[in-house]
Amino acid sequence: MDMDTAGYNIIIHGLCKAGKFDEAGNIFTNLLISGLQPDVQTYNMMIRFSSLGRAEKLYAEMIRRGLVPDTITYNSMIHGLCKQNKLAQARKVSKSCSTFNTLINGYCKATRVKDGMNLFCEMYRRGIVANVITYTTLIHGFRQVGDFNTALDIFQEMVSNGVYSSSITFRDILPQLCSRKELRKAVAMLLQKSSMVSNNVTL
């Protein structure tokens, strides 16, 4: 029975989940030989589970075929590039809040928090709205390099912009304030949290 692209995708997905990446690659080759056209989903699976070099070739091939990458494609590419510390190259791929978050996380893990903050500003210039993941990633990043004041500034901007924090962020910030005897700020944050709860926001 002849299979269509969707059928090949099911097999490739199953093999990738089972860690049989070489076999998945063979099925992908068979798809091409059969004359069928791989779609975005096909390439996303292959890119996600390929080495960076192979992923870059697949990405270029995908573009040549006229397929439009989606957020999954971009995130997979950015994640692979960040793992190889190719942050400048990854930066060129960023298109959406989700992809920016992945790259900001890469910068923060590399303790390049100022570069992460520059990306945050670039998001603003592009009109891309930051979400709680963006803010939380930056807060963690600045805390890890010992810049608690900037972490607190980011937290306060997050709240003022109506982006509601998870309780994890509160647990990160409050002990630091208390250890520094900045109790007024700690109390103010607790009141902010209580206000969020009263507005039926899950923390």
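Residues numbered from 1 in each chain as written. Predicted model: local features only at pLDDT ≥ 70, side-chain atom pairs only at ≥ 80, totals over all residues. Heavy atoms only, no water.

### A few points about the packing of aromatic side chains
Threshold: Ring geometry is summarised as follows: Phe, Tyr and Trp rings, the Trp one being its six-membered ring, pair when their centres sit within 6.5 Å, and such pairs are stacked at plane angles under 30 degrees, edge-to-face over 60 and tilted between the two. In this text, helices come from DSSP runs of H or I with a minimum length of four residues, and strands from runs of E with a minimum of two, each type numbered from the N-terminal end. Three exposure classes are used, based on accessible area relative to the maximum for each residue type with a 1.4 Å probe and protein chains only: buried under 20%, partly exposed in between, and exposed over 50%.
Applying the stated rule across the entire model yields three aromatic pairs. Their ring planes at 20° and their centres at 5.4 Å tell us that Phe21 and Phe49 sit as a pair that is stacked. One end of the pair, Phe21, is in helix 2 (residues 21-33); the other, Phe49, is in the loop between helix 3 (40-48) and helix 4 (52-64), and 28 residues separate them in sequence. Exposure remark for Phe21: the relative accessible area of 39% places this residue in the partly exposed category.

### Some words on the layout of surface pockets
As a reminder, the rule being used: A 1.4 Å probe that fits into a set of points on a 1 Å grid over the protein atoms alone but cannot get out defines a cavity; an open set with protein on both sides within 12 Å along at least five of seven lines defines a pocket, and lining residues are those with an atom within 4 Å of a point. Grid points are joined across faces, edges and corners, and a volume is the space filled by probe spheres set on the points. Residues are grouped as follows: Ala, Val, Leu, Ile, Met, Phe, Trp, Tyr, Cys and Pro are nonpolar; Asp, Glu, Lys and Arg are charged; every other residue, Gly included, is polar.
Empty space within the largest pocket amounts to approximately 220 Å³. As for the largest pocket, its lining consists of 13 residues, of which Arg48, Ser50, His79, Gly80 and Lys83 are closest to the centre. Those elements giving two or more residues to the lining of the largest pocket turn out to be helix 3, helix 4 and helix 5 (71-83). Element by element, the count of residues in the lining of the largest pocket is highest for helix 5, at six residues. A per-class count over the lining of the largest pocket returns four nonpolar, seven polar and two charged.

### What about the packing of helix 3 against helix 5?
How two helices pack is summed up by the angle between their axes together with the distance between the axes. The cut-off we apply is this: Only the stretch in contact is used when a helix axis is fitted, and all axes are lines through C-alpha atoms; the angle between N-to-C directions ranges over 0 to 180 degrees. Angle categories: roughly parallel below 35 degrees, roughly antiparallel above 145, roughly perpendicular from 65 to 115, and oblique for all the rest. For any pair of crossing helices, the crossing counts as left-handed if the nearer helix is rotated counterclockwise from the farther one by less than a right angle, and right-handed if it is rotated clockwise. Residues are treated as being in contact if the distance between any of their heavy atoms lies within 4.5 Å.
Put simply, helix 3 and helix 5 touch, their axes get as near as 9 Å, and they point 15° apart. By the criterion of interaxial angle, the relationship of helix 3 to helix 5 is roughly parallel. As helix 3 runs across helix 5, the sense of the crossing is left-handed. Here Val40, Asn44, Ile47 and Arg48 of helix 3 come into contact with helix 5, specifically with Ile72, Thr73, Ser76 and Met77.

Just distances and angles here, no functional claims.
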